[in-house]
Amino acid sequence: MTVLGKKILAGVCAVMALAGTALLVHSCGIYSFSGTSIQPDVYTVTINYFEYKALRVNPSLSNQLTEALRDQFQRLTRLEEVPEEGDLEISGEITGYDVRAAAVTADEVAAQNRLTVNVKIYFTNRKYPEDDFEKSFSSYADYSSDYTLDAMESQLCEEIVEKLVDDIFNATVANW
């Protein structure tokens, strides 16, 4: 066999091996290329509205977090969202919304502030109850003390919600 023939044969074998691996991974039904590991007999998810229980009030944060999580599940899973009794169910509450100094100058003045959001999640897997859990998540974003919280709040909350949604998604269906 010529060198060219050996290279073609090696290329064909590599393509066949890759196709076989992709078929095997797909046929298992558990893993996907989006990083989720959802059992093949799990079809639906219920994502309940996040209650707001923090002392400091942000009237839009509950809705923002709930909708962002629903969007993440819609984009990255095959699960159908149902209003109640889904195979998977996620409930939660915002338990903390706090601003603290993150960096202090030599004059003991805050140079940077930190907005921190804490969330408690209740995850129920009706098909595999051994996967159920309660877990707290926390995320923060820093901003310069040259700005007020009111001026930075929407931008900071977007950043924090994105991190929280990734963490919650990974904990519930990506098994990270």
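Worth saying up front: this structure is predicted, and the values here are computed from it rather than measured.

A. Broad picture of the pairing of strand S4 (residues 88-104). Two strands pair when backbone bridges link them, and strand S1 (residues 44-47) and S4 are joined in this way by three bridges, in the parallel orientation. Looking at the pairing, Ile47 lines up with Ile90 of S4. By the bridge criterion, two bridges tie strand S2 (residues 51-52) to S4 in an arrangement that is parallel. When the sheet's bridge partners are listed, Tyr52 is paired in S4 with Ile94. Two strands pair when backbone bridges link them, and S4 and strand S5 (residues 110-125) are joined in this way by 15 bridges, in the antiparallel orientation. Opposite Ala103, over in S5, you have Gln112 as the bridge partner. Hairpin connection, S4 to S5: the antiparallel pair is bridged by five residues, and Glu108 has positive phi, about 60 degrees.

B. Molecular detail of the packing of helix H2 (residues 61-76) against helix H3 (residues 149-174). Contact pair H2 / H3: the axes reach a minimum separation of 9 Å and the direction vectors enclose 50 degrees. With respect to each other, H2 and H3 are oriented oblique. Handedness of the crossing formed by H2 with H3: right-handed. For the pair H2 and H3, contact is made by Leu61, Gln64, Leu65, Ala68, Leu69, Gln72, Phe73 and Leu76 and by Cys157, Glu158, Val161, Leu164, Val165, Asp166, Ile168, Phe169, Thr172 and Val173, respectively. When its residues are assigned to classes, the contact of H2 with H3 shows 13 nonpolar, three polar and two charged.

C. Structural view of H2. Across its 16 residues, H2 extends 22 Å between first and last C-alpha, which sits within 8% of the 22 Å expected from 1.5 Å per residue. Among the residues making up H2, those that are buried are Leu61, Ser62, Leu65, Thr66, Leu69, Gln72 and Phe73. Buried residues in H2, looked at end-on, bunch into an arc of 130 degrees, giving them a common side. Residues of H2 that are exposed and angled more than 90 degrees away from the buried face: Gln74 and Arg75.

D. Quick look at the packing of aromatic side chains. Per the counting criterion, the structure on display carries two aromatic pairs. Between Phe73 and Phe169 the ring centres are 5.1 Å apart and the planes differ by 70 degrees, which places this aromatic pair in the edge-to-face class. Placement of the pair is Phe73 in helix H2 and Phe169 in helix H3, with a sequence separation of 96 residues. The burial state of Phe73 is the same as that of Phe169; both residues are buried. Cation over ring: Lys163 sits above Tyr140, and NZ or CZ is 5.6 Å from the ring centre.

E. Region of the structure containing the pattern of salt bridges. A full pass over the atoms with the stated rule returns nine salt bridges. The partner of Arg126 in a salt bridge is Glu89, with the nearest N and O atoms 2.4 Å apart. On the criterion of sequence distance, the pair formed by Arg126 in the loop between S5 and strand S6 (133-144) and Glu89 in strand S4 is long-range, its members being 37 residues apart. Across the salt bridge formed by Glu159 and Lys163, the nearest N and O atoms sit 3.5 Å from each other.

F. Main features of the nonpolar core. Counting residues in hydrophobic clusters, the biggest one holds 36 residues, and the most contacted among them are Leu65, Leu69, Phe73, Ile90, Val117, Val119 and Ile121. Contributing elements (two or more residues each) for this core: S1, H2, S4, S5, S6 and H3. Considering every element that reaches this core, the biggest residue donor is H3, with twelve residues. Sequence-distant contacts of Ile90, defined by excluding residues within four places in its chain, comprise Thr46, Ile47, Asn48, Phe50, Leu69, Phe73, Ile121, Tyr122, Phe123 and Thr172.

About the criteria used
- Residues numbered from 1 in each chain as written.
- Predicted model: local features only at pLDDT ≥ 70, side-chain atom pairs only at ≥ 80, totals over all residues.
- Heavy atoms only, no water.
- Pairing = 2+ DSSP bridges.
- Helix = DSSP H or I, 4+ residues; strand = E, 2+ residues; numbered from the N terminus.
- Axes fitted to C-alpha atoms, helices over the stretch in contact; angles between N-to-C directions.
- Parallel < 35°, antiparallel > 145°, perpendicular 65-115°, else oblique.
- Left-handed = near helix turned anticlockwise from the far one by under 90°.
- Contact = heavy atoms within 4.5 Å.
- Nonpolar A, V, L, I, M, F, W, Y, C, P; charged D, E, K, R; others polar.
- Expected span 1.5 Å × (residues − 1).
- Buried < 20%, exposed > 50% of the residue type's maximum accessible area, 1.4 Å probe, protein only.
- Arc of directions from axis to C-beta.
- Phe/Tyr/Trp six-rings, centres within 6.5 Å; stacked < 30°, edge-to-face > 60°.
- Lys NZ or Arg CZ within 6 Å of the ring centre and 35° of its normal.
- Salt bridge = Lys/Arg side-chain N within 4 Å of Asp/Glu carboxyl O.
- Core = buried A, V, L, I, M, F, W, Y, C linked by side-chain atoms within 4.5 Å.

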